[in-house]
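Chain and residue survey
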Amino acid sequence: MSEQKTTQKLRSQDWFGKEGKDGMIYRSWIKNQGYPAHQFKGKPVIGICNTWSEVTPCNGHFREIAQSVKNGVYEAGGFPLEFPVMSLGETLIRPTAMLYRNLASMSVEESIRGNPFDAIVLLTGCDKTTPSLVMGAASVDLPTIVVPGGPMLNGRFQGRTIGSGTDVWRFDEARKRGEMTEAEFEEAESCMSRSIGHCSTMGTASTMACMVEALGLTLPGIAAIPAADSRKKMMAHMSGIRAVEMVKENLTMSKVLTRGAFENAIMVNAAVGGSTNLILHLLAIAARIGVEVNLDDFDKIGSKIPLLVNLMPSGKYLMEDFFYAGGLPVVIKEIQNHLRKDTISVNGKSIVDNSADAKNWNEEVIFPSSKPMIDEGGIAVVKGNLCENGAVIKVSAASPHLLQHKGKAVVFETIEDYHARIDDPELEIDETCVMVMKNVGPKGYPGMPEVGNMALPKKILEKGITDMVRISDARMSGTAYGTVFLHASPESAVGGNLALVQNGDLIEVDVPNRKIHWHVSDEEIAERRKNWQAIDLGYNRGYIKLYIETVNQSHEGADLNFLIGKSGSEVNRESH
Ligand code: FES
């Protein structure tokens, strides 16, 4: 732990230490909860930012986690104050949680800045709850520690292990092929989600938990601990203690979130086979804290890193198995030669130093770097005349034989068009075609939903084919798989060339050479552009209007343009 101690005045004393009328108001109303004055006068006040919500089922256990954090804060001589923020549950919220990530981050940022906190503990779990909290906190830049809520325990169905999300896609395909009855499909629901916690695969939530650990924002080893394991609460308790110490050391977020920390997060993501959603979130976090990271960095820094973690959707196992195998510290130790060591995590040491004693207890789950699962496991960024600013593909979840492929485009103008025609027996499509979906990007949907892994037509699935090349400006669930090119930028809704693709156009993808080429002449593109019109979604008020007007493209992280950067923690005016 860092030895550096500061004697600076506590930020919270600007509230609770004040004399006169203002101080009285600040103290008096806090006392109505039964706190005696000595609890909060002169002690570090630790804000516990809680995303508990019954409509965010993955975070449904967070009241207990918050209590463990509080116990730690009290033990260390601090004063914990828990507060709610907008919580995004991936499975229930419509049209997509991503539409509200930036809104949630605003609620986090303003709640932190406006209140008498000296440090913050962020309770994160379901996919968007991690980036929205980290983005909001980064724009304030207080000492901040993250407690990821942990994955569900392994599901079991008909004698085999099943994973959240990933098996939803598999079961749906089996049901369409007539290999699974409706009754079995329904029974699988309860088998899949058998405990508290977030998705059990290396989907976006697990990816985000690994991301914050790799960035150095958590205590080491916390990401993989299942939600139902008592060690999760112990780590929450320890995080509460550490938050108090971080105030004394003035270990602010920007001291942890350096360029090296972002590089480490990109490399660790490649080694664990993490979700493509990480790209958007990491870009947005970097822009908030003021560190230069761009889309090409993910390919340059991450694509040569070996895939070590054998978890669904790229592999076989689940987060519970990953925890028993040793969790993220093992992965960090295995790829330590690649990692930046000039970083510090919230405990004052680098993630490499923190992982020095890690032991791999199961080389089937975490492959050694000398014998990786896949030699190059990272995300590839492809560019071409279909997406000048890039599109991304998770190579480890794709079919090797489709990584170099040329086929005729079958175009769906909107998600509704796709649903209406995909299973039409008359649809002219075979497995060599390239499925293209438009208007599912940040502005076009709006909110960039996870529909990029569009299900194959029933008539192709019935032939036993399970993968085809798919291209869109959408995202894909971290639990999904396939040869799916995502985040095409600029998106079709702003007139990116994707908007001009027509049925029958030839599209060539070449992942080894990082290319995607649309075989249409520049003259023909210019001609088609004359007739192009943006779709009008009819949103003329409220947050969605603001979102459509100000959201950045996906290669920039899809944040609202006026949220980039930070405003710090100063608030000079009183409220009374
Ligand atoms: Fe919440 Fe997957 S739905 S983590």
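Residues numbered from 1 in each chain as written. Predicted model: local features only at pLDDT ≥ 70, side-chain atom pairs only at ≥ 80, totals over all residues. Heavy atoms only, no water.

1. A look at the overall build of the chain
Looking only at helices and strands, the chain features 21 helices and 14 strands. Computed over its C-alpha atoms, the radius of gyration of the chain comes to 24 Å, within 12% of the 25 Å expected for a compact globule of 576 residues. Counting only C-alpha atoms, the chain reaches 75 × 55 × 45 Å along its principal axes. By residue count, 62% of the 576 residues in the chain fall in the buried class. Within the chain, contacts between residues at least 6 apart in sequence are counted, and of these 77% link residues at least 24 apart. Entry remark: accessible area of the chain is about 22200 Å², with carbon and sulfur atoms responsible for 49%. Mean positive and mean negative side-chain charge positions of the chain (60 and 70 charges, respectively) differ by 6 Å. (Helix = DSSP H or I, 4+ residues; strand = E, 2+ residues; numbered from the N terminus. Rg over C-alpha atoms; globule rule 2.2 N^0.38 Å. Buried < 20%, exposed > 50% of the residue type's maximum accessible area, 1.4 Å probe, protein only. Contact = heavy atoms within 4.5 Å. Areas by Shrake-Rupley, 256 points an atom, 1.4 Å probe, with all protein chains shown as cover. Lys, Arg positive; Asp, Glu negative; His and termini not counted. Charge placed at Lys NZ, Arg CZ, Asp CG, Glu CD.)

2. Looking at the packing of aromatic side chains
Counting across every chain of the model gives ten aromatic pairs. Measuring from ring centre to ring centre gives 4.8 Å for Tyr35 and Phe79, while their planes differ by 85°; the resulting arrangement is edge-to-face. On the criterion of sequence distance, the pair formed by Tyr35 in the loop between α2 (20-31) and α3 (37-40) and Phe79 in strand β2 (residues 79-84) is long-range, its members being 44 residues apart. With 5.5 Å between their ring centres and 65° between their planes, Phe157 and Phe171 make a pair best called edge-to-face. Pair noted here: Phe157 is in strand β5 (residues 155-157) and Phe171 is in helix α7 (residues 166-176), with a separation of 14 residues, a long-range link. Taken individually, Phe157 and Phe171 each receive the classification buried, so the pair is uniform in this respect. Put simply, the rings of Phe16, Tyr35, Phe40 and Phe79 pair up and form one aromatic cluster. It is Arg170 that lies over the ring of Tyr481; its NZ or CZ is 5.2 Å from the centre. (Phe/Tyr/Trp six-rings, centres within 6.5 Å; stacked < 30°, edge-to-face > 60°. Lys NZ or Arg CZ within 6 Å of the ring centre and 35° of its normal.)

3. Overview of the sheet that holds β2
Overall, parallel pairing links the four strands, which are arranged β2-β1-β3-β4 in an open sheet. The sheet terminates laterally at β2 and β4 (144-148), the two strands that pair on one side only. Averaged over all adjacent pairs, the angle separating strand axes in this sheet is 20°, with direction ignored. As paired strands, strand β3 (residues 119-124) and β4 are joined by five bridges and run parallel to one another. The residue of β4 that forms the bridge with Leu123 is Val147. Docked against the sheet, helix α10 (residues 230-249) engages β1 (45-50), β3 and β4, running at close to 175° with respect to β4. (Pairing = 2+ DSSP bridges. Axes fitted to C-alpha atoms, helices over the stretch in contact; angles between N-to-C directions.)

4. Side note on the nonpolar core
Leu123, Met211, Leu215, Leu217, Phe262, Leu282 and Phe322 are the most contacted members of the largest nonpolar core, which totals 112 residues. The element best represented in this core is helix α12 (residues 259-272), accounting for nine residues. Beyond its immediate sequence surroundings of up to four residues, Leu123 is in contact with Ile48, Cys49, Asn50, Thr51, Phe62, Ile65, Ala66, Val69, Leu133 and Val147. Residues Ala380, Cys387, Ala409 and Val511 belong to the second largest nonpolar core, which totals 27 residues. (Core = buried A, V, L, I, M, F, W, Y, C linked by side-chain atoms within 4.5 Å.)

5. Topic: the packing of α12 against helix α13 (residues 277-289)
At a minimum axis separation of 11 Å, α12 and α13 run at an interaxial angle of 175°. Overall, the two elements α12 and α13 adopt an arrangement that is roughly antiparallel. Within the contact between the two elements, α12 uses Phe262, Ala265, Ile266 and Asn269 and α13 uses Leu278, Leu282, Ile285, Ala286 and Ile289. Among the residues forming the contact of α12 with α13, the class breakdown is eight nonpolar, one polar and no charged. (Parallel < 35°, antiparallel > 145°, perpendicular 65-115°, else oblique. Nonpolar A, V, L, I, M, F, W, Y, C, P; charged D, E, K, R; others polar.)

6. Focus on the confidence of the model for the chain
Looking at the chain as a whole, the pLDDT averages 95, with 99% of positions reaching at least 70. Here residues 1-6 scores under 50 on pLDDT; set against residues more than four positions off or in separate chains, the count is 17 contacts. (pLDDT = per-residue confidence, 0-100.)

7. With respect to the side chain of Glu173
By secondary structure assignment, the location of Glu173 is in helix α7. Buried charged residue Glu173 carries no salt bridge. Nearest counter-charge: Arg177, at 4.3 Å. Excluding anything up to four places from it in sequence, Glu173 contacts Leu461 and Tyr481. (Salt bridge = Lys/Arg side-chain N within 4 Å of Asp/Glu carboxyl O.)

8. Observations concerning a nonpolar patch on the surface
A cluster of nonpolar residues, Ile535, Leu537 and Tyr539, forms a patch on the protein surface that exposes about 240 Å² of accessible area. Residue Tyr539 is classed as partly exposed on the basis of its relative accessible area of 35%. (Patch = residues over 30% accessible without salt bridge, like charges linked within 9 Å, V, L, I, M, F, W, Y side chains within 5 Å.)

9. Observations concerning the pairing of β1
With six of its six residues buried, β1 lies for the most part within the structure. Of the two faces of β1, the one holding Val45, Gly47 and Cys49 and the one holding Ile46, Ile48 and Asn50 are both buried throughout. Relative to β2, β1 runs parallel, the two being bridged by six bridges. Within β2, the residue paired with Ile46 across the bridge is Pro80. Crossover handedness for the path β1 to helix α4 (residues 62-75) to β2: right-handed. Across four bridges, β1 lies against β3 in parallel orientation. In the strand pairing of β3, Ile48 is matched with Val121. (Right-handed = clockwise from strand over helix to strand, strands pointing away.)

10. Considering α4
An ideal rise of 1.5 Å per residue puts 20 Å on 14 residues; α4 measures up with 20 Å between its terminal C-alpha atoms. Every buried residue of α4 is accounted for by Phe62, Ile65, Ala66, Ser68, Val69, Lys70, Gly72 and Val73. At the exit of α4 stands Gly77, carrying a positive phi of roughly 90°. (Expected span 1.5 Å × (residues − 1).)

11. Looking at the side chain of Ser345
Tracing the chain through its elements places Ser345 in the loop between α16 (328-334) and α17 (351-354). Here the side chain of Ser345 touches Asn347 through a polar contact of 2.8 Å, side chain to side chain. Within the structure, the side chain of Ser345 is placed 2.8 Å from the backbone oxygen of Lys349, a separation counted as a polar contact. Apart from residues no more than four positions distant in its own chain, Ser345 is found in contact with Gly216, Leu251, Val256, Ser350, Ile351 and Asn354. (Polar contact = N/O pair within 3.5 Å; in protein donor to acceptor, adjacent residues only side chain to side chain.)

12. A short note on the packing of helix α9 (residues 204-215) against α12
The description of two helices packed together rests on the angle between their axes and the distance between the axes. Here α9 crosses α12 at 140°, and the two axes come no closer than 8 Å. Between α9 and α12, the crossing angle belongs to the class labelled oblique. In terms of crossing hand, the pair formed by α9 and α12 is right-handed. Along the contact surface, α9 presents Thr207, Met211, Ala214 and Leu215, while α12 presents Ala261, Phe262, Asn264, Ala265, Val268 and Asn269. The class makeup of the residues in the contact of α9 with α12 is seven nonpolar, three polar and no charged. (Left-handed = near helix turned anticlockwise from the far one by under 90°.)

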